[in-house]
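So you can see what is in the structure, the chains are spelled out below.
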Amino acid sequence: MKVEFSEEALQQYKDILQRYPEKRAALLPTLHLAQQEFGWISREVMQYLSELMDIPVTVILDTVSFYTMFKTKPSGKYHIQVCSTLSCALRGSREIYEHLTSKLGIQAGEVTPDGKFSLVKVECLGSCGTAPVVQINDDYYEGMTPEKLDKILDELE
Amino acid sequence: MPLVKIDGKDLEVAAGTTIFEAAKQLGIEIPHYCYHPALKIVASCRMCLVKVEGFPKLVPSCSTTIGELPPERKVDGKYDMVVWTKDQEVKDAQESIMEFLLLNHPTDCPECDQAGECHLQDYSYQYGKGYSRFDFEKRVPRRKDLGPNVLLIATRCILCTRCVRFTREVTATNELIVRQRGYKAEIDTFPGLSLNNKLSMNVVDICPVGALVSKDFIHKPRNWRYEKTRTVCAGCSLGCNIQIEAMAEDNRIYRIKPLYNAEVNQWWMCDEGRLLYHQFEKLERLEYPRIRKNNELKRANWCEALQAVVEGLKQFSPDEIAVVGNGYATNEENYLLKKVFSEGFGVQKFVLNDKIRKEEDAVFPGFTIKGEKLPNEQGARDMLGRTTTFSDALRKAEKGAVKAIYYLGGDPNLTLSDKEISALQKVEFLVVQDIFSSPLTERAQVVLPGASVYEKDGTFTNFQGRVQRVRPAIMPPLAARPDYEILRDLGKLLNLEMPLRPKKAFDEIAGQVKGYAEMDYPLLGETGVLKGEGKKARKAQAEQETA
Ligand code: SF4
Ligand code: SF4
Ligand code: FES
Ligand code: FES
């Protein structure tokens, strides 16, 4: 399949460019856009962006691999990120993580066979006051307990 | 200008000078990894930390600049900055950085090619603590085949990013990156790409540790075992300054590395030039003088061979003889060629070999590889004066106007067309002074085995007109001799006054050839002298001596 921005995404990309002095400076927001558009940043996506933005493909990989927010593997329909930094760890994030691995049958970095869930551990989500925190796709779920989590997951289609 | 005091020594520097550079001017060495004078400053390794009075913490000397302070803020009423590079606090920091850089290092010096010229070894010895407190399993990133000439032994990498910056700033080929970050960071390239630009092996030189390895040098004998010779690369008309590392026992070259020359190659050289010695190793070298008898080239001694040359050439009038000089031969050799044949045989006009390899210059932002694949075309022209071309001489041979040829060779790239080879058939007397068997030697009456560029003493003049010293690193094989000596002895046989050594011949060149006035070997020094600037260089030298 040919990797290419939809017309709408292309327009968004052009809008992003307006905000920066040079194309290279627009790389991070463009990568976020690409992740929204394609789900994850594959080699083909990097090659496409390299041509589109006139940035060496190596430099794109350098950037993508530096930030954990960019997915270099496909994720599930629901991408679950469990915070495992100090505050959350003190408030029981390990328990949350272990609960998820046994419930979903996958480890961090894996996707369920039906493609519905993927699981990763991440560093501080910046919401320590409501620890432990889990992020599912774009939403935060705060003050998590295994029971609350079960309810949330059950409601997801 | 700001006044700085470093370790108690005063120095005035231009505003904007880094502490590192200022210290260097004072002869104070500050250990460093990520800093390289050719590359942008990233200040990431922290090896170069120093203490600055009035600053709350240690600062990296490679990136901290010295500026002018207002009078009321000067330290001790006069200094714009006071720096300590050997303070206990600095020493503690250096020790910690070394320990940190070595956390996951395999300390595999016994099998590492860098050992003996490694900054990790040297700095561990000078600044390290001698042992590690790291008690955990070491991280073992996999080694990577980065490209045709370079291997990455990732366990040894300290992530200084010199190699990455080289591919971004000097070559702009962008092959290398830092992949991942923090604990997981590694040097890598994009899947499917490889480090295969024409300057790729320079990253091996600038890698301060043994992480980037030259495939040509891996597992060769230890670097301290070689004889090291400063000379000039013969691969193109740029004339990069190089160090040849060879062993006397087996008369072989093991490695070639660039030497810094600000005016010519800076820190770099191309891969082709670096590996050029293999091209010479592959040639079927001429090892003995030979004379044709009954249509067969028979081994002879040097007296017989030179005698045969003189007797053979005497049969022809000067304008029937084509004497071919070569941009692969030194200035001194081309000069002697002209001297012997003009004084000994009355030849007026000389021929320059134009059957040379020529391509487009390869241009990178920080380096240009020249397209003329020979080192001394400029010098050969200067020595021989007005010349005709070898192609032209071959055409004349075809028509019978040229009956004898004396060919001075040395160029491993020589290729002749079938037509040119058949023209040689018509030449009655062909003398080939060269290094390898070729269609020329097959048709020669006399073959004189000469020396390769790595085996001779003299000078080359590069495309800029810079005259640089060439020195022998190894010996020619068996009975082969440096071309200078062959021509000198030929001249002696003709009862001509001949300069004994290339150095002497160069003095004659300085007296006769335009542009070379006032030059001699000591003046050429390490960096060479531009044509027409002999006088200026001599003056500068005299000034330096009095200072
Ligand atoms: S491979 Fe060598 S030059 Fe490159 S980052 Fe590592 S240590 Fe530095
Ligand atoms: S650029 Fe020319 S002189 Fe320099 S190393 Fe390459 S071939 Fe030799
Ligand atoms: S530690 Fe989890 S949100 Fe900060
Ligand atoms: S040399 Fe200054 S921080 Fe690396």
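Because the structure is predicted, anything quoted here is derived from the model rather than measured.

**Some thoughts on the confidence of the model for chain B**
- Confidence in the prediction for chain B averages 96 pLDDT; 100% of positions are at 70 or higher.
- Scoring of the predicted complex yields 0.92 for pTM and 0.82 for ipTM.

**Focus: the site of ligand 2**
- Within the structure, ligand 2 sits among 13 residues, and B:C233, B:G235, B:C236, B:C240 and B:G273 are positioned closest to it.
- Considered class by class, the residues forming the shell around ligand 2 number seven nonpolar, four polar and two charged.

**Some words on the sheet that holds strand β1 (residues 78-83) of chain A**
Residues and elements named next belong to chain A.
- The strand order β2-β1-β3-β4 describes an open sheet built from four strands, whose pairing is mixed. Strand pairing shows two members of the sheet lacking a second neighbour, β2 (117-122) and β4 (139-141), which therefore form its edges. Pairs of neighbouring strands in the sheet enclose a mean axial angle of 25°, with direction left out of account.
- Each of β1, β2 and β3 (134-136) touches helix α6 (residues 93-104); the most contacted strand, β1, lies at about 150° to it.

**Details of the interface of chain B and chain A**
- On the side of chain A, nine residues touch chain B, which itself brings 11 residues to the contact.
- Residue composition of the side of chain B that touches chain A, by class: five nonpolar, three polar and three charged.

**A short note on the pairing of strand β16 (residues 321-325) of chain B**
Residue and element names in this part refer to chain B.
- Within β16, five of the five residues are buried, which leaves it mostly tucked inside the rest of the structure.
- Side-chain alternation along β16 places I321, V323 and G325 on one buried face and A322 and V324 on a second face that is also buried.
- In this sheet, strand β21 (residues 404-408) lies alongside β16 in parallel orientation, the contact comprising four bridges. Opposite V324, over in β21, you have Y407 as the bridge partner.
- Note that β16 and strand β17 (residues 350-352) share two bridges and pair parallel. Counted as the bridge partner of G325 is L352 from β17.
- Following the backbone out of β16, through helix α9 (residues 331-345) and into the adjacent parallel β17, one traces a crossover that is right-handed.

**A closer look at the domain arrangement of chain B**
- Once the domains are mapped, chain B shows domain 1 (3-99), domain 2 (102-214) and domain 3 (290-351 + 386-517).
- A C-alpha centroid distance of 58 Å is found between domain 1 of chain B and domain 3 of chain B.

**Quick look at the sheet that holds strand β2 (residues 9-12) of chain B**
Residues and elements named next belong to chain B.
- Here five strands make up an open sheet; going across it, the order is β2-β1-β5-β3-β4 and the pairing mixed. Looking along the sheet, the strands with just one partner apiece sit at the ends: β2 and β4 (59-60).
- Relative to strand β5 (residues 81-84), strand β3 (residues 49-52) runs antiparallel, the two sharing two bridges. In the strand pairing of β5, K51 is matched with W84.
- Sitting on the sheet, helix α2 (residues 88-101) is in contact with β3 and β5, with an inclination near 160° to β3.

**Describing the environment of B:L306**
All names here are of chain B.
- Among the structural elements, L306 can be located in helix α8 (residues 302-314).
- On the basis of neighbour count, L306 is assigned to the buried category, with 23 C-beta atoms found within 10 Å.
- Contact partners of L306, with chain neighbours within four places excluded, come to D489, L490 and L493.

**Description of the site of ligand 1**
- With respect to spatial proximity, the complete set of residues near ligand 1 consists of B:C157, B:I158, B:L159, B:C160, B:T161, B:R162, B:C163, B:I187, B:C207, B:V209, B:A211 and B:L212.
- Class assignment of the residues belonging to the shell around ligand 1 gives a composition of 10 nonpolar, one polar and one charged.

**Considerations on the domain arrangement of chain A**
- Looking at chain A, the domain boundaries give domain 1 (7-66) and domain 2 (78-155).
- Centre-to-centre separation of domain 1 of chain A and domain 2 of chain A, based on C-alpha positions: 28 Å.

**Focus: the nonpolar core**
- B:L212, B:V323, B:V324, B:A393, B:I405, B:V431 and B:V446 are the most contacted members of the largest nonpolar core, which has 154 residues in total.
- Of all hydrophobic cores here, the second largest spans 15 residues; its members include A:C88, A:Y97, A:V133 and A:L149.

**Considering the environment of B:F280**
All names here are of chain B.
- By the secondary structure assignment, F280 is in helix α7 (residues 276-282).
- Note on F280: 18 C-beta atoms within 10 Å, which makes it partly exposed.
- Sequence separation between F280 and S452 is 172 residues, and the spatial gap between their C-alpha atoms is 7.5 Å.

**Quick notes on unusual backbone geometry**
- Going from A:A131 to A:P132, the amide bond is cis rather than trans, its omega being -10°.
- Here A:P132 shows up in the loop between β2 and β3.
- Notably, A:D54 is not glycine yet its phi reads approximately 60°, a positive angle.
- The topology assignment puts A:D54 in the loop between α3 (43-53) and α4 (57-66).
- Exposure remark for A:D54: the 9 C-beta atoms within 10 Å place this residue in the exposed category.
- Unusually for a residue other than glycine, B:Q266 sits at a positive phi of about 50°.
- Looking at where B:Q266 falls in the secondary structure, it is placed in the loop between β13 (252-258) and α6 (271-274).
- Using a count of 17 C-beta atoms within 10 Å as the deciding quantity, one classes B:Q266 as partly exposed.

Rules used throughout
- Residues numbered from 1 in each chain as written.
- Chains lettered and ligands numbered in written order.
- Predicted model: local features only at pLDDT ≥ 70, side-chain atom pairs only at ≥ 80, totals over all residues.
- pLDDT = per-residue confidence, 0-100.
- Near = placed C-beta within 6 Å.
- Nonpolar A, V, L, I, M, F, W, Y, C, P; charged D, E, K, R; others polar.
- Pairing = 2+ DSSP bridges.
- Helix = DSSP H or I, 4+ residues; strand = E, 2+ residues; numbered from the N terminus.
- Axes fitted to C-alpha atoms, helices over the stretch in contact; angles between N-to-C directions.
- Contact = placed C-beta atoms within 7 Å.
- Buried ≥ 20, exposed ≤ 12 C-beta atoms within 10 Å, placed from the backbone.
- Right-handed = clockwise from strand over helix to strand, strands pointing away.
- Domains from an automatic or database assignment.
- Core = buried A, V, L, I, M, F, W, Y, C linked by C-beta atoms within 7 Å.

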